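Analysis of the macromolecular model
Spelled out from the first residue to the last, the chains are:
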Amino acid sequence: MTGQPALPPPSARTRVRRFHQIASYDPQSVHAILDAMPLCHVGYIHNGTPIVTPTLQWRDGDRIFWHASSASRMIDSVLEQDVCVTVSLYDGLVMARSAFSYNINHRSVMIFGRPEKLSDTEKAEQLRNMVNKTIPGQWDRLRPVTPQELKATTVLGMSITEASAKIRTGPPQDDEADSTFPVWAGVIPVRMQVLPPEPDPHNLPGLEPPAEIASFHIG
């Protein structure tokens, strides 16, 4: 596939050692998982204490972005420091014939790097990008953002250059000796479901949701 730069060989931090057969380092796999799940977790050190903060993420090319309050403790903690960003999707419970072989079908990404705080111009551009990635064209339908709101929001960006993905699919992988043990084995598929929109009771009369809302999906 053209148009996407190749990631460098896995680093010591991203190389998957346990269940290495389900690891992937190619940009297509990493990007697909990031695009499928907007919820991420950002791990960092604050005053000597490890903290993991859930937030929304979005991708633009080979960079990942997330936002936070400008007063957030995260901002000062992550600048010029290494962070770890993870994204994961739970696709199924794998019921094996032994507890040791129980597993989950899943897709996950782990990215290491040092985030940068975006300039005001790029911040506004990426906030627009975030909104339009959820519902196409929605930014232009909204009440314009104010200078105070922009000032209160920080957007961080990080290159996706040190990343790994793990993708597990399929049935249980029991030991051959367990294959005749008399217990049911298989997979219970798991999916995140998007339900019909629920209108705000304070909507003005006659307002209908945009047609593009049908494109919203997760997974």
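Residues numbered from 1 in each chain as written. Predicted model: local features only at pLDDT ≥ 70, side-chain atom pairs only at ≥ 80, totals over all residues. Heavy atoms only, no water.

As recorded in an unreviewed UniProt entry, the protein goes by the name Pyridoxamine 5'-phosphate oxidase family protein, listed as coming from Acetobacter suratthaniensis.

**As for the overall build of the protein**
Quick note on the threshold: The helix and strand labels rest on DSSP assignments: H or I over at least four residues marks a helix, E over at least two residues marks a strand, and numbering proceeds from the N terminus. Throughout this description, buried means an accessible area under 20% of the type-specific maximum (1.4 Å probe, protein chains only), exposed means over 50%, and partly exposed covers the range between. The Shrake-Rupley method, run with a 1.4 Å probe, gives the accessible areas here. Residue values count only the displayed protein chains as cover. The positive count covers Lys and Arg only, the negative count covers Asp and Glu only, and His and the chain ends enter neither. Charge positions are represented by NZ for Lys, CZ for Arg, CG for Asp and CD for Glu.
Along the backbone of the protein there are four helices and ten strands. Starting at the N terminus and walking to the C terminus, you meet the elements of the protein as β-α-β-β-β-α-β-β-β-α-α-β-β-β. Over its C-alpha atoms, taken along the principal directions, the protein stretches across nearly 65 × 50 × 40 Å. Counting over 219 residues, the protein shows a buried share of 35%. Carbon and sulfur atoms make up 57% of the accessible area of the protein, which amounts to about 13,700 Å² in all. In the protein, the 20 positive side-chain charges and the 23 negative ones have mean positions that sit 4 Å from each other.

**Observations concerning the environment of Lys133**
Inspection of the secondary structure puts Lys133 in helix α3 (residues 120-134). Sequence spacing of Lys133 and Arg59 is 74 residues, and the spatial spacing of their C-alpha atoms is 9.2 Å.

**Section: the nonpolar core**
Condition: By convention a nonpolar core is built from buried Ala, Val, Leu, Ile, Met, Phe, Trp, Tyr and Cys residues, the set being connected through side-chain atoms within 4.5 Å. Should any heavy atoms of two residues lie within 4.5 Å, those residues are considered in contact.
Counting residues in hydrophobic clusters, the biggest one holds 27 residues, and the most contacted among them are Leu34, Val42, Ile64, Trp66, Val83, Val85 and Ile111. Elements represented by at least two residues in this core include exactly α1 (27-36), β2 (39-46), β4 (63-69), α2 (73-78), β5 (83-95), β6 (103-113), β8 (153-159) and β9 (163-168). Ignoring anything within four residues of it in the chain, the contact list for Ile64 reads Leu34, Gln57, Trp58, Val85, Ile111, Leu156, Gly157, Met158 and Ile160. Counting residues in hydrophobic clusters, the runner-up holds seven residues, among them Leu127, Met130, Val131 and Val155.

**A short note on the packing of aromatic side chains**
Threshold: Side-chain rings of Phe, Tyr and Trp (the six-membered ring for Trp) are treated as a pair once their centres are within 6.5 Å; stacked means planes under 30 degrees apart, edge-to-face means over 60, and tilted covers the remaining angles.
Summed over the entire model, instances satisfying the criterion amount to one aromatic pair. Ring centres of Trp58 and Phe65 lie 6.1 Å apart, and the angle between their planes is 20 degrees; on these two criteria the pair is classed as stacked. Residue Trp58 shares its accessibility class with Phe65, and that shared class is buried.

**Digging into the environment of Ile111**
In this fold, Ile111 is placed in strand β6. Considering only alpha carbons, one finds Ile111 and Thr86, 25 residues apart in sequence, at a separation of 6.4 Å. When sequence neighbours within four positions are dropped, the list of residues in contact with Ile111 reads Leu34, Ile64, Val83, Cys84, Val85, Met158, Ser159, Ile160, Glu162 and Ala163.

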